[in-house]
Amino acid sequence: NLPVLNLINCARCIWVWIGGSLAVFLYRQFQQGKPGPTVSQGASLGALSGLIGALVGVVVYAVTSPISIPIFNSLARAFQIEGDLPFRSGTLADTISTAFIFLVVDAVLYPLFGALGGLITANLLKETHIKSGETS
């Protein structure tokens, strides 16, 4: 319930929502005058974009962690943070195990948030399609 943490959480998930929305928007653009996706198709497109985002995120983590983990460890030492830190040593086994954990968690959460973004966008585009008189 801390306002700053809630804002950070929303900012993290907003990119997944935008990805789902963008998938629906692009799908509609490539339909060339045909009716846009239904709400259920929008949710499916958003979920698929979320799953793709989870896969891309794991690859980005695996590629950048050898650089970022030593930086985070240096910052923790500079700020004299003690105890169990979430930043591991950066060995290949640690990177693979952490990437696998991220993949499992993100493969569940990203499709959910992407589906929500796709569902909302498909519903909004359906409303604008009906209001503009472009009924099919």
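Along every chain, residues carry numbers that run from 1 in the direction the sequence is written. Reporting in this predicted model follows two pLDDT cut-offs: at least 70 for local features of residues, and 80 or more for side-chain atom pairs to be given and counted; totals over whole chains, interfaces and linings ignore these cut-offs and use all residues. As a rule here, side-chain values cover all heavy atoms of the structure and leave hydrogens and water aside.

Things to note about the overall build of the protein
Where we set the bar: Each helix is a run of H or I in the DSSP string that is no shorter than four residues. Each strand is a run of E no shorter than two, and both are numbered from the N terminus. For each residue, the accessible area found with a 1.4 Å probe, counting protein chains only, is set against the maximum for its type, and the residue is called buried under 20%, exposed over 50%, and partly exposed in between. By definition, residues are in contact when any of their heavy atoms lie within 4.5 Å. Using a 1.4 Å probe, accessible areas were evaluated by the Shrake-Rupley method; residue-level cover was limited to the displayed protein chains.
Counting its secondary structure elements, the protein contains three helices and zero strands. Ordered by position from the N terminus, the helices and strands of the protein form the series α-α-α. Residue burial in the protein is summarised as follows: out of 136 residues, 23% are buried. A separation of at least 24 residues holds for 76% of the contacts in the protein among residues at least 6 apart in sequence. If you sum the accessible surface of the protein, you get close to 9,400 Å²; carbon and sulfur atoms cover 71% of it.

So, the environment of alanine 47
The residue alanine 47 is located in helix H2 (residues 39-78) in this model. Separated by 27 residues in the primary sequence, alanine 47 and glycine 20 have C-alpha atoms spaced 6.9 Å apart. Those residues in contact with alanine 47 that lie beyond four places of it in its chain are Pro111, Gly114 and Ala115.

Examining the confidence of the model for the protein
Reading predicted coordinates in detail is not appropriate for stretches of low pLDDT. Put simply, the rule is: One number per residue, pLDDT, summarises how confident the predictor is, and it ranges from 0 to 100.
Residues with a pLDDT of 70 or more make up 79% of the protein, whose mean pLDDT is 81. Considering each helix and strand of the protein separately, the mean pLDDT is smallest for helix H1 (residues 3-29), with a value of 81, and largest for H2, with 87.

Structural notes on H2
Residue pairs three or four apart in sequence face the same way in an α-helix, which turns once every 3.6 residues. Under the convention used in this document: For a helix, the expected span equals 1.5 Å multiplied by the residue count minus one. The reported bend at a residue is simply the angle between two axes, fitted to the 7 residues ending at it and to the 7 residues beginning with it.
Compared with the 58 Å implied by 1.5 Å per residue over 40 residues, the 50 Å span of H2 between its first and last C-alpha is markedly short. In H2, a bend of some 60° at serine 65 exceeds every other bend along the element, and proline 66, a proline, comes one to four places later. Those residues of H2 not exposed but buried are Gly42, Ala43, Gly46, Gly50, Ala54, Val58, Tyr61, Ser65, Ile69, Asn73 and Ala76. The positive-phi residue at the C-terminal boundary of H2 is glutamine 80, with phi of around 55°.

So, the packing of aromatic side chains
What counts, and what does not: Centre distance within 6.5 Å is the pairing criterion for rings of Phe, Tyr and Trp, where only the six-membered ring of Trp is used; planes under 30 degrees apart are then read as stacked, over 60 as edge-to-face, and the remainder as tilted.
Evaluation of the coordinates by the stated rule reveals two aromatic pairs. Plain terms: the ring middles of tyrosine 61 and phenylalanine 102 are 4.9 Å apart, the flat faces sit at 85° to each other, and that makes the pair edge-to-face. Of this pair, tyrosine 61 sits in helix H2 while phenylalanine 102 sits in helix H3 (residues 92-131), and the two are 41 residues apart along the sequence.

Some words on a nonpolar patch on the surface
This is how it is decided: Only residues whose relative accessible area exceeds 30% and that take part in no salt bridge are eligible for patches, with like-charged residues grouped when within 9 Å of each other and nonpolar side chains (Val, Leu, Ile, Met, Phe, Trp, Tyr) grouped when within 5 Å. Here a salt bridge means any side-chain nitrogen of Lys or Arg lying within 4 Å of a carboxyl oxygen belonging to Asp or Glu.
A grouping of Phe100, Ile101, Phe102, Val104, Val105, Val108, Leu109 and Leu112 is seen on the molecular surface, where their side chains present a nonpolar patch of about 720 Å² in accessible area. Here phenylalanine 100 shows up in helix H3. Residue classification places phenylalanine 100 among the exposed positions, given a relative accessible area of 54%.

Remarks on the environment of glutamine 41
Note the threshold: Throughout this description, a polar contact denotes any pair of N or O atoms lying within 3.5 Å of each other; where both atoms belong to protein, one of them has to be capable of donating a hydrogen while the other can accept it, and for residues adjacent in sequence the pair is counted only when both atoms sit in side chains.
Tracing the backbone shows glutamine 41 in helix H2. Put simply, glutamine 41 and alanine 115 are 74 residues apart on the chain and 9.4 Å apart in space, counted from C-alpha to C-alpha. Only 2.9 Å separates the side chain of glutamine 41 from the backbone nitrogen of threonine 38, close enough to count as a polar contact.

Comments concerning the environment of glycine 118
Turning to its location among the elements, glycine 118 is positioned in helix H3. By relative accessible area, glycine 118 is classed as buried at 0%. Separated by 95 residues in the primary sequence, glycine 118 and alanine 23 place their C-alpha atoms 7.1 Å from one another. Residues in contact with glycine 118, not counting those within four places in the same chain, are Gly20, Ser21, Val24, Gly42, Ala43 and Gly46.

Some remarks on the side chain of threonine 121
For threonine 121, the location among the structural elements is in helix H3. The buried category is assigned to threonine 121, whose relative accessible area is 14%. Filtering out sequence-adjacent residues up to four positions away, threonine 121 remains in contact with Ser21 and Val24.

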